[in-house]
Amino acid sequence: MLRALIAGAIALSLVGRAGALPIEDFQLPGVVYDPNIETPDEHFRHGLGDRPVRHDQMVSYLTGLSSASDRIDHEVIGYTHEGRPILFLTITSPENHAQIDDIKAKHREALRTGTADPESPAIIWINYGVHGSESASMDAVLPTAYHFAAARGDVVEQQLNDAVMLVVATLNPDGHARRTNHVETFGGNVRVTDPAHEQHQLWVEARTNHFWFDLNRQWLLTTQPESKAWVAKWQEWKPMVTADYHEMGSNSTYYFHPGEPKRKNPLIPDEARDLTKAIANEHRSFLDAEARLYFTEQGFDNFYIGKGSTYPQVNGGLGILFELGAARGGEIETPSGGREYGDNVRMHFRTTLTTISGALKNKAAIARYQRSFFARAEADAAEHPVKAYVITTQGDRSRLQRFIEVVERHEISVHALAGSIEIGGITYRPGDAFIVPLDQPQYRMLRGVFDRVTSFEETVFYDVSGWTLPLAYDIDHAPLKDRVARDEDAGRFNAGLIGERVSAADLRPKAKKPKEATYGYVFSWEDYYAPKALYRLLSEDVLVRVATDPFELATTEGVKSFDAGAIFVPLIRQDMPTSDIHRLVQAIAREEGIVVHAATSGASDVATRSVGGRSFTPISKPSVLLVFDDGLARYDVGEAWHLLDNEMRIPVTLRPKGELRALDLSRYTHIVMVGGRRVALDKATTERVSDWVRREGGTLVALRQSAYWAQDAFFDIQPSASGRSGQADDSDRMRLNYSEMGARDAEHYIGGAIVATDLDVSHPLGFGYSDRFVPVQRNTTSVLDWPESNPYAVVSAYPETDFVLSGYVSQKRRDQLAGTPAVIAEEVGRGQVVLFADNPLFRGTFLGTNKLFMNAIFFSSLIENPSGTYEAIEE
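What you see is a predicted model; the values in this text were computed from it and never measured.

Visitor: Would you mind showing me how to read the overall build of the protein chain here?
Guide: Counting its regular elements, the protein chain contains 25 helices and 36 strands. Taking 875 residues into account, the globule formula puts the C-alpha radius of gyration at 29 Å, and the protein chain, at 29 Å, falls close to it. On the principal axes, the C-alpha backbone points of the protein chain span a range of 90 × 70 × 65 Å. Counting the 875 residues in the protein chain, one finds 59% classified as buried. Residue pairs in contact within the protein chain that sit at least 24 positions apart in sequence constitute 79% of those at least 6 positions apart. If you sum the accessible surface of the protein chain, you get close to 35,600 Å²; carbon and sulfur atoms cover 47% of it. Mean positive and mean negative side-chain charge positions of the protein chain (91 and 118 charges, respectively) differ by 1 Å.

Given below as structure tokens:
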């Protein structure tokens, strides 16, 4: 009786709500569904597509299904920044559930040995909801889970017996919650289909996780808790097929892989594409049966290996991307007709079923391909000229450990280095350096991490073209080969160099508790987490001094040498008792892994610099204002926010750019402006910020496009001319075929490449760096102008030649970029302006350049302009 009443209420609620579909529209014709299994309609008291399903409601329904059905098990594999659970479902027959660990072990063993039981279930992985604004890609998990819990009959029973379906629901709970709240906030009793309605907005804002990271770029980088959770689980299972569900612009139709034929990463075997096409026949048959519009092999590529549909393909599986035109707030008008939320959910549900049926039809071929993928690794490694890579960092154990942690997450093994080797002027020593052999099952993934690719068949990219992780982390690394040319930066491979396999957990920096000091405490600035340690001291109002030159100091462990940037904590004139300072630095050493030395004197002897001298400067606690929105790139803002807040535990004030003028800027020491499409401040705000810099001593830190605007606004330098203005005469007229536009545009393109810069390590922004070579991520085409009157203003510059390390930069852009500034820092009045031509925080992964940004936060007050008059120096 209760179920009948609920069903009646649901039916009434659907009247007039064209976007909603009752559960009957999701049930397959001819299939009987168990009435004892609760439907989504009964649980939510509305049809799918009627209104957004909150994350807590989704978790409640799915965990309830797991309890009610012996076909579904659930587990929480991690938590988001906001504390929401990441739910993982295992869907298969009760018999398979009873031996699930054995099934997993046999599957892994088959990949190792190359032999398998043909009766073993297919392992199929389904990604739902990596982008929070893409509602149908999240809610499609509900009819999928219901179908396999409730459907009865030979077909579904056979599928459950023949497959283990692994479902992440959802990959991005925080973005999901943001989208749901927005749609509900601006929703009414009557659907508004006008695309201008606010309910249909928030496409970018809800797309990301809490710190505004695009999680579909995180499969390789794994800097966020969500991606760490699902990549670990994916590698635990190594699925045969991965389906990845998304939405695109509302005017689009329906897309499924395979992608652009010429935009396939060369590490992906051609056979993967052929098998994906075989599965695509199932999608095509369904879509044709409903006369749906669709496309494939256009627009979407498989080049960047860190996306959800490409990552599986360099790890031995198949990856299938699905995209459909978004209904946004629920129902929206488009030039191609209306889009409805409920219908979109149904579409993704039905292609989930075609993915499963297609994978099972081709199970034997896919299983053979996956086994051969790993079986070929040994032969491929034997043919490759590089046999291993050696890696190290000089003085920064944290950065090295973080890098090893990432590659270990992708099941790439790292080993101790068993002997010293010198390559390119760098000595790789046991204990400080490690070796990564290519002869391992993850051969192709390993190459995806280490390869520097600078030549391409196709020069149009959906995402970045270069992502060499050792460069991103500024890891000193070199290839080891069987044969080495005399002028080659490579070492001779020797199997005896490969020691025991190491674990990233065992390499986590540890520091002994410092002894109780009689004079003060000192620590180096080289460690990645040194800024975190410094802010921890400043937040406790501890007086701190920074060294601007190298020095030696007498400590309880003898005389120690320190580079510029080292932090000294004197015991004198502190408000905090000496015993409390000692406990604080002990906690820093223990918790941050920072080596803190206890000083016994102010110098090493009477003839050396002392910590009370002019080469030591007091440091003040920074107060950071991070500007967002109104044309500033939200991803870039999120990366700065994540580094400061999550990594370094530094509080950040976030405020929209348009409200900057209304703030009391006197409470802030730094304003950070990132790149974007419309970065310029209005005239009045520019004047206010200029006054804050020049009169109040504030520091403006500007990245990418904001740097180009700030150089013009604060230094009165006109940007470099990029072309002629005015009406073109007859000789300037051009007419080209439209079909050539993509290829010709690539002549003007920088495809998210990694390039080299030359860093002045003596500059305050260079403190903590051991060498001048610093790789940066470059994805803009503009350049900074060389300062005319200050020869010390260019902190970092691009070399004149050979600066492209990995990724695509057209020859035109190489010529324009060569020899231009990468980082400029100048004193402006009482304040400072720091300009970054690139984003030093790209995707939370460029740990090698994060320190440049942190130095701009802590050491900007040390930047001074010269007092002399300089003329050009002849070489």
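Visitor: Mind showing me how you'd approach empty space enclosed by the protein here?
Guide: Over the atoms, a rolled probe matching the size of one water molecule traces out where space is still vacant. One pass over the full model with this rule turns up six cavities of 30 Å³ or more. As for the largest cavity, its lining consists of Thr-393, Gln-394, Asp-396, Arg-399, Asp-474, Asp-476, Glu-526, Gly-768, Tyr-769, Ser-770 and Asp-771. Looking at the lining of the largest cavity, its residues break down into one nonpolar, four polar and six charged.

Visitor: Please explain the side chain of Thr-276 as it appears in this structure.
Guide: With respect to the helices and strands, Thr-276 occurs in helix 12 (residues 270-289). Once you skip the residues sitting within four places of it in the chain, Thr-276 turns out to touch His-257, Pro-258, Leu-318, Gly-319 and Ile-320.

Visitor: Help me understand the sheet that holds strand 19 (residues 498-502), please; the structure alone is not making it clear to me.
Guide: Adjacent strands of a sheet pair through backbone hydrogen bonds, lying either parallel or antiparallel. The sheet built from six strands is open, its strands ordered 18-17-12-16-13-19 with mixed pairing. In this open sheet, the two edge strands, each paired with only one partner strand, are strand 18 (491-492) and strand 19. As judged from the three bridges shared by strand 13 (residues 414-417) and strand 19, these two strands associate in the antiparallel manner. The residue of strand 19 that forms the bridge with Val-414 is Val-502.

Visitor: Help me understand unusual backbone geometry, please; the structure alone is not making it clear to me.
Guide: What you tend to see is this: most non-glycine residues have negative phi, and most peptide bonds are trans. Cis geometry is adopted by the peptide bond preceding Thr-170, which originates at Ala-169 and carries an omega value of -10°. Tracing the backbone through its elements, the reader meets Thr-170 in the loop between strand 6 (163-169) and helix 9 (173-185). Phi at Thr-222 takes a positive value of approximately 45°, unusual for a residue other than glycine. Its place among the elements puts Thr-222 in the loop between helix 10 (218-221) and helix 11 (225-237).

The rules behind each value
- Residues numbered from 1 in each chain as written.
- Predicted model: local features only at pLDDT ≥ 70, side-chain atom pairs only at ≥ 80, totals over all residues.
- Heavy atoms only, no water.
- Helix = DSSP H or I, 4+ residues; strand = E, 2+ residues; numbered from the N terminus.
- Rg over C-alpha atoms; globule rule 2.2 N^0.38 Å.
- Buried < 20%, exposed > 50% of the residue type's maximum accessible area, 1.4 Å probe, protein only.
- Contact = heavy atoms within 4.5 Å.
- Areas by Shrake-Rupley, 256 points an atom, 1.4 Å probe, with all protein chains shown as cover.
- Lys, Arg positive; Asp, Glu negative; His and termini not counted.
- Charge placed at Lys NZ, Arg CZ, Asp CG, Glu CD.
- 1 Å grid on protein atoms, 1.4 Å probe; cavity = no way out; pocket = protein on both sides within 12 Å on 5 of 7 lines; lining within 4 Å.
- Points joined across faces, edges and corners; volume = space filled by probe spheres on them.
- Nonpolar A, V, L, I, M, F, W, Y, C, P; charged D, E, K, R; others polar.
- Pairing = 2+ DSSP bridges.

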